[in-house]
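Structural overview for review
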Amino acid sequence: MRVVFKTLVSLYVCTGVLCVHQLSWLPCMFIDERVSLNDKGVPEIQQIPREAFLQFGQKEDAAVNPQVITFMVTGSRLDLRRYVDVWEAEQLECQLYRYSTHGSYVRWPGKGNQEYNHWFRFTIKPSNGLSVTSGFLRRPSDQPAPEKQDFFNWTTIADREVLTTTVAVVIKSQTPFVRTGLRSQPKLHCQFALDHKSPNFILEWILQRRGERTTVFSYNSRSGQTEGTGVGLKALEDGDASYSLAFTKTISEGLYICSLSVNPLSIQMNMDLHVEEPPRVSINIQPDLLLQKGEEQKVVCEAVGYYPLDVEIVWHEQEPSASGQRVGTSLPKKTSLRNLGQSQFICSVSHKSLRVPIKKSFTLTVEEPSSWLFSITMGFIVLALLFVLCVMLLYLSSVRKKIHEKKPY
């Protein structure tokens with residue numbers, strides 16, 4: 001029994017870490033830069049895509065693909081693979097970029113005695129786009145980088161070079177694109193981690209809407225100063241910087257930016273929030289409408305309470321026997337009731353928030369109107385019946401009177 005228990009525990013633990021250690025390398029695109037001055041003396045940046053591999057291992061490991069640039073990610077307090085939702089390399093998109101601190105050289109807390117660092121920013125996301133993981137790789141160096149390395153003198157990286165790095169910062173979001181309704185309370189996910197304890201950082205949430213930027217929350221770990229609401233401070237201590245909105249309105253829509261600054265680094269995670277409220281649709285009549293040929297009845301199909309304010313309303317007509325099948329042709333602005341019998345009319349409302357249109361329908365029955373001859377005939381019949389009834393009543397009254405007169409006293 002003890003052996004079985006140990007086996008089960010081992011299987012459980014292995015299953016839990018399999019996805020973390022399964023990803024040993026990842027093909028990436030390294031976006032290198034070449035900067036030159038144009039005729040007006042303005043710097044122009046040319047981006048040069050170069051093939052690269054992000055490989056997890058040790059400094060002495062051989063490159064998986066020695067034909068390309070290898071970013072060898074060695075061990076640190078941060079395991080980047082724990083922040084990636086998909087663990088199959090072919091399902092991930094990876095990009096690497098150079099990062100400049102604009103001449104600011106700060107000794108990064110952590111292991112090693114190197115005073116200087118070369119920084120690279122990475123972005124990893126699954127092909128379905130449901131999450132984004134970004135952050136910084138640190139390449140320690142004993143020598144300072146050139147003063148203007150980001151503009152004119154980047155350190156040269158050979159095509160087959162192996163760069164030994166560690167993960168310094170990770171930031172992740174599982175909500176890069178959010179659709180929500182009015183009066184809802186969505187939560188924008190933002191998680192971060194650093195490779196050293198007790199870091200000094202500034203965390204901000206910024207709303208960008210129609211060209212304006214508004215800081216809706218900020219926190220400074222050094223001073224403890226907080227402005228705004230929406231982020232739990234206790235959760236923030238554990239790296240959870242998720243932002244909760246209270247009762248969304250139309251003005252809540254926009255680009256939300258989770259911004260993390262750790263001197264000398266700064267990184268942002270963008271999240272698009274779209275407010276979509278489906279319409280409420282109604283028509284002003286009952287499901288069955290009876291009209292005589294030539295009569296008119298105004299039927300209104302109304303859609304209210306929707307956002308955005310773009311909606312399409314179309315009337316269709318089809319035979320009742322085709323109910324449940326594909327909607328027929330759309331109606332012109334005026335519809336004449338020339339045919340007797342039944343027809344089904346369908347109001348179809350399409351909106352951005354709807355996967356399929358909302359449909360409201362009614363069945364119209366058109367009857368032949370009564371002719372004047374029929375009306376006159378019926379009138380004579382009614383008068384004749386009334387005359388007969390009156391005669392019978394008078395006769396019965398006279399008979400009853402005679403019987404009453406013949407009774408003896």
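Now for a look at the structure at hand. These numbers come from a predicted model, not from an experiment.

The rules behind the values
- Residues numbered from 1 in each chain as written.
- Predicted model: local features only at pLDDT ≥ 70, side-chain atom pairs only at ≥ 80, totals over all residues.
- Heavy atoms only, no water.
- Pairing = 2+ DSSP bridges.
- Helix = DSSP H or I, 4+ residues; strand = E, 2+ residues; numbered from the N terminus.
- Axes fitted to C-alpha atoms, helices over the stretch in contact; angles between N-to-C directions.
- Core = buried A, V, L, I, M, F, W, Y, C linked by side-chain atoms within 4.5 Å.
- Buried < 20%, exposed > 50% of the residue type's maximum accessible area, 1.4 Å probe, protein only.
- Domains from an automatic or database assignment.
- Contact = heavy atoms within 4.5 Å.
- Phe/Tyr/Trp six-rings, centres within 6.5 Å; stacked < 30°, edge-to-face > 60°.
- Lys NZ or Arg CZ within 6 Å of the ring centre and 35° of its normal.

What follows covers the sheet that holds strand β13 (residues 226–228). Taken in spatial order, the six strands make up an open sheet running β8-β16-β15-β11-β12-β13, and their pairing is mixed. In the strand order of this sheet, the two ends are held by β8 (177–180) and β13, each with one partner. Neighbouring strand axes in the sheet, compared pairwise and without regard to direction, differ in orientation by 25° on average.

Counting residues in each nonpolar core, the largest one holds 33 residues, and the members touching the most others are Leu 203, Trp 205, Cys 258 and Leu 260. Put simply, the parts of the chain that give this core at least two residues each are β6 (132–141), β7 (162–173), β10 (191–194), β11 (202–209), β12 (212–220), β15 (254–262) and β16 (265–275). Per-element tally for this core: the top contributor is β16, with five residues. Residues from two domains meet in this core; each of domain 1 (18–170) and domain 2 (174–275) gives at least three. With residues near it in sequence (within four places) discarded, Cys 258 still touches Ile 171, Cys 190, Leu 203, Glu 204, Trp 205, Ala 241, Ile 267, Gln 268, Met 269 and Met 271. Within the second largest apolar cluster, 28 residues are counted, among which are Leu 26, Leu 54, Leu 163 and Val 170.

Take the packing of aromatic side chains next. Counting across every chain of the model gives 13 aromatic pairs. Between Phe 30 and Phe 71, the aromatic rings sit 5.5 Å apart at their centres with planes inclined by 70°, giving edge-to-face as the arrangement. Remark: Phe 71 occurs in strand β3 (residues 69–73) and Phe 30 occurs in strand β1 (residues 25–37); sequence separation between them is 41 residues. Here Phe 30 falls in the buried class, since its relative accessible area comes to 0%. Centroid distance Trp 315 to Phe 362: 6.0 Å. Interplanar angle 80°. Geometry classified as edge-to-face. Here Trp 315 is found in strand β20 (residues 311–318), whereas its partner Phe 362 is found in strand β22 (residues 358–367), with 47 residues between them in sequence. Classification of Phe 362 as buried rests on a relative accessible area of 6%. One aromatic cluster is present, formed by Tyr 99, Trp 108, Trp 119 and Phe 136 through successive ring pairs. A cation sits over an aromatic face here: Arg 81 above Phe 56, 4.7 Å from the ring centre.

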